[in-house]
Amino acid sequence: MTVRTAEILMAILMALLSIAFMMKSAELNIGWVKDRGPGAGAWPFWLATGMLICCLATIVRWFLRATPESRSTAIFIPSSALTMVVSTVAALAFLLLLTPWISIYLALMLFLVFYLKVMGGHGWGMTLAITIAMPVVVFCLFEWALTISLPKGVSFIEELLFYPLYDLIY
Amino acid sequence: MEDIIGHLASGFGEALQPVNLMMLVIGVMVGLFVGALPGLGSVNGVAILLPLTFLVPPNAAIIFLAAIYYGAMYGGAISSVTLGIPGASTAVATVFDGRPLATQGKADVALVTAATASFIGGTISVVLFTLFAPPLADFALRFGPPEEFALMLLAFATFVGLGSDDIPKTVFSILIGLVLATIGLDIISGRPRLIFFDIPGFMHGINFLVLAIGIYGIGEMLWTLEQTGGNVMVHKVKTSLAGIWKSMAAFKNYMGITSLSGLLGYFVGMLPAAGATPASLMAYGLAKTFSKDGDSFGKGNPAGVAAPESANNAASTGSMLPMITLGIPGSPTTAILLGGMIIWGLRPGPLLFTEHPDFVWGLIGSLYIANIFSLIINLAFIPIFVRVLTMPFTILAPIIFTLCIVGGYAPTQTLHDLWLMLLFGVVGYLLRKLDYPVAPAVLAIVLGPIAEPAMRQSLLLSQGDPTIFFTRPISGIIMIIAIVLILLPLVKLARGRAKPGEIETV
C-alpha cells in the first residue's frame, strides 16, 4: 500500500468515526435546555462536526494533491518493518486476550518469552532472567506496595498460584 | 520579593526532605536514561511512569516527575553526540555540531559543553520561573469561567497558528481529544454520553493516561521499532577529570550565547505548540547568526551544542509556568503532569499557590536542586549511559511494553482500558505516520473535562449569549489573540497565493 492510498483510507475512516460520534451525541439534547445551559450532547456534537469538516478538508486536499502524503507513492510500511510491527501488536493482543484466563502474570511471561526468544533471538539465559524478574518486580510493586490487584485469571489459577503468595505478603 | 525568598526557602526545605530528595535523585537518573535512549523522551517517561507515583505523596510524585522531565533534557544530548541520533526530538539541534565533534574524537568536549549549557539554561529559567509565577498566579485569581475557556482556546490556537503541521490534521487531533474526553457521565446533567455499543467500560470515561500511554508508550515503541530496527552505532567516549575541567574552562567563550538561548528557550517554552524542540532549533540559528565564524557551525563548533542544550532545558521550565499558574500545560509532558495533579486531587491553577503552597514551592525548590544533580550525575555517569545505549532494542521493548500494560491498568483497573490503550497505540502510530500531530490530542483529553464546564457555565452566566467571551475585558483580549492565531495560516495562505514565487521555509 502506498502512502497516498493510506492517506485517503485513514481520512475516510476518521470521517466515519466523526459521523458515529455525531450520531451518538445527537441521541442526547444538542440544543439549549432552559435554565441549564447547552444540552449534554451539544459540546460533543459540534466538536464531532468539526472533526468531520477536517476530514473532508483532508479528502479534498487528497484530490488536489495538496499534502505531501497525498503525493507520495512510497510504500506506507515497508514489509520488513511491517512484520515487526504486526507481530508486536499481535503479541500484545494475545497478552490481553489470555489475561482474564491465566492471569496477567503468566500472560506477561509468555509475552516476554516470545519477544525475547523468538523476536529478539536472545539466549535462554537472558530470556529467562527477564521473564522471571519482570513479573516479580511487577508483583512486588503493584500487589504489595501499591495494593492494586492485577487480574489473576480463573479461580483455579488464582488458588494455585497466588494464594501462597498472599500468605507471604498479607 | 522578600515574600518570594521566604517561600523559596521553605520550598528548598520541602525538596530536601529525605523522601523527596530520594525521589528527585531517582527521577533525574530515570530522566537521563529515558532522554538518552533513542525514541524515548521526557513525555514517554512521564506517561509510562506516572501510575507508579501513586506509591508516594503528591509532593514527592511531582518532584519525581519533574526530575524526569529535567533529566531527560540533559540525557537527550548523550545519544545525539555518541549515536548521532537525537535521544529525543528536543535534542535534534544538538546533533548538528555534537556529532561532528564526536567523529573528531572530541565527544567528551561535546558532552561536557552540553551538560554545562543545560545547567546554565536550566538555572536561568528556574530563576525566571520563581519571579514570574507568583504575580501571574495572583493575576489569574480574577479569572472566571469565560477567561478559563478563552485561555484553553488560546492554548489550542497556538497549535493552529504557530505549529508547523498540516492545519486540518492539527485541528482534527485537537477535536478528537476533546470528544474522547466527553465519553462517560456528563458532570452537569449526570447523563451517560457516547456509550458505544452499550459497553459498560465506557461509563467511567476514558482516563487521559489510557490515551497518553497508548500514544507515547505503545505507539512510540512501534514507531521506534519501525525506524531503527534495533541497530545503532556508538561512538567511544573517553572522559577524565582533567578533560572535564578543561572543557568547562573553555565554556566561558559560549557564556553569552548560552544565556541568550536560555532566555529564548524559556519564553518559547511557555507556548503550548512550541516547546523545547523549536526553541532549541531557534537557539541554534541564533548562535549561528551571531557567531563571528558562522561557517564553522555544523563542523563541530561547541557553541552549536551549547545553544540548543541551554534552550531545551529552559523551555522545559518555561512550559511549567502556564501549567502551574493558569492550569494550561505548555507542552505534552506538562499536560500529563497536569492530568496527574488532577488524579492526586490538586486543581492546577492560581489557587494552587494559596491552597497548597508546600506543593508549589516544593516543586520550585526541587527544580533548582534537580538542576545541580542532573549536572553532577550526568558528568559522573556518562560512560555507564553510553554502555546502556548499546543494549539491543529487543530487550528494552518488551520491558517497556510490560510497564505500559501494568501502568495502563493501574488508574481504572479494567481490561477494557487496556484494549483501548492498544487501539490508541496502533491508531496513533498510523496517524503519526501520516503526519497527524498527536500532541494536541493528548493536551485536549486532559483539558477537555475543564474546558467543557467552563464553556457551559459561561453560557449559563450570560443566558446563552456567546458575546460574554468578548465583552469581559481579560477574556476578550485572550479571545482576540486566539482568533488572530487561528486566522494566521489563512493570511499566510493568501499571501502565498499572491506571491507564488516565494516558498515558505519554516
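Computed from a prediction, not measured in an experiment: that's the story for all the values here.

Definitions and limits used
Note that residues are indexed from 1 along each chain, following the sequence as it is written. Written order decides the labels, with chains lettered from A and ligands numbered from 1. Per-residue local features of the predicted model are confined to residues with pLDDT of at least 70, and side-chain atom pairs are confined, for both listing and counting, to 80 or more; whole-chain, interface and lining totals are unaffected and use all residues. Here a strand is any run of E in DSSP of at least two residues, a helix any run of H or I of at least four, and the numbering for each starts at the N terminus. Expected span of a helix, by definition, is 1.5 Å for each gap between consecutive residues, and there is one gap fewer than residues. Note on bend: the value at a residue is the angle between axes fitted to the seven residues ending there and to the seven starting there. What we call a nonpolar core is a set of buried Ala, Val, Leu, Ile, Met, Phe, Trp, Tyr and Cys residues whose membership is set by joining through C-beta atoms within 7 Å. Each residue is classed by its C-beta neighbour count within 10 Å, where at least 20 other C-beta atoms makes it buried, 12 or fewer makes it exposed, and intermediate counts make it partly exposed; the C-beta atoms are placed from backbone geometry. Throughout the structure description, domain borders are defined by an automatic or database domain assignment. Placing C-beta atoms from the backbone, we regard two residues as in contact once those atoms come within 7 Å. Any residue outside Ala, Val, Leu, Ile, Met, Phe, Trp, Tyr, Cys, Pro, Asp, Glu, Lys and Arg is labelled polar, Gly included; the first ten of those are nonpolar and the last four are charged. Fitting a line to C-alpha atoms yields each axis, with helices limited to the stretch in contact; the angle taken between N-to-C directions then spans 0 to 180 degrees. Throughout, the term roughly parallel applies to angles under 35 degrees, roughly antiparallel to angles over 145, roughly perpendicular to angles from 65 to 115, and oblique to all others. We call a crossing left-handed when the near helix sits turned anticlockwise from the far one by less than a right angle, and right-handed when that turn is clockwise.

Student: I'd like a description of helix H4 (residues 79-119) of chain A, backed by residues and values.
Tutor: All names here are of chain A. Taking 1.5 Å as the rise per residue, H4 with 41 residues should run 60 Å; its terminal C-alpha atoms sit only 16 Å apart, a clear shortfall. The largest bend in H4 comes to about 130°, at Ile102. Once H4 finishes, Gly121 follows within two positions and takes phi at roughly 65°, a positive value.

Student: Give a description of the nonpolar core that names residues and reports values.
Tutor: Judged by nonpolar contacts, the single largest core of 214 residues is most densely connected at A:Met51, B:Leu211 and B:Val442. In terms of residue count, the dominant contributor to this core is helix H4 (residues 58-82) of chain B (17 residues). Domain assignment of the residues forming this core places at least three in each of domain 1 (3-71) and domain 2 (79-169) of chain A. Leaving out residues up to four positions away in the same chain, B:Leu211 has contacts with B:Leu180, B:Ile206, B:Phe424, B:Ala441, B:Val442 and B:Ile445.

Student: Can you break down the domain arrangement of chain A residue by residue, with the values?
Tutor: Domains assigned within chain A are domain 1 (3-71) and domain 2 (79-169). The gap between the C-alpha centroids of domain 1 of chain A and domain 2 of chain A is 38 Å.

Student: Quick rundown of the interface of chain A and chain B? Include the residues and the values.
Tutor: At the junction of the two partners, chain A supplies 55 residues and chain B supplies 49 residues. Of all elements in the fold, only helix H1 (3-26), strand E2 (37-38), helix H2 (42-64), H4 and helix H5 (124-146) of chain A reach the threshold of two or more residues within the side of chain A that touches chain B. Sort the elements by how many residues they give to the side of chain A that touches chain B and H4(A) lands first, with 17 residues. Residue classes in the side of chain A that touches chain B are distributed as 42 nonpolar, 10 polar and three charged.

Student: Explain the packing of helix H6 (residues 107-140) of chain B against helix H11 (residues 255-269) of chain B to me, and be specific about the residues and the numbers.
Tutor: Residues and elements named next belong to chain B. Their axes nearest at 9 Å, the elements H6 and H11 cross at an angle of 50°. The angle between H6 and H11 falls in the class oblique. Like other packed secondary-structure pairs, H6 and H11 cross with a definite hand, here right-handed. Every residue of H11 that contacts H6 at Ala117, Ile120, Gly121, Ile124, Ser125 and Leu128 is listed here: Thr258, Ser259, Ser261, Gly262, Leu263, Gly265 and Tyr266. A per-class count over the contact of H6 with H11 returns six nonpolar, seven polar and no charged.

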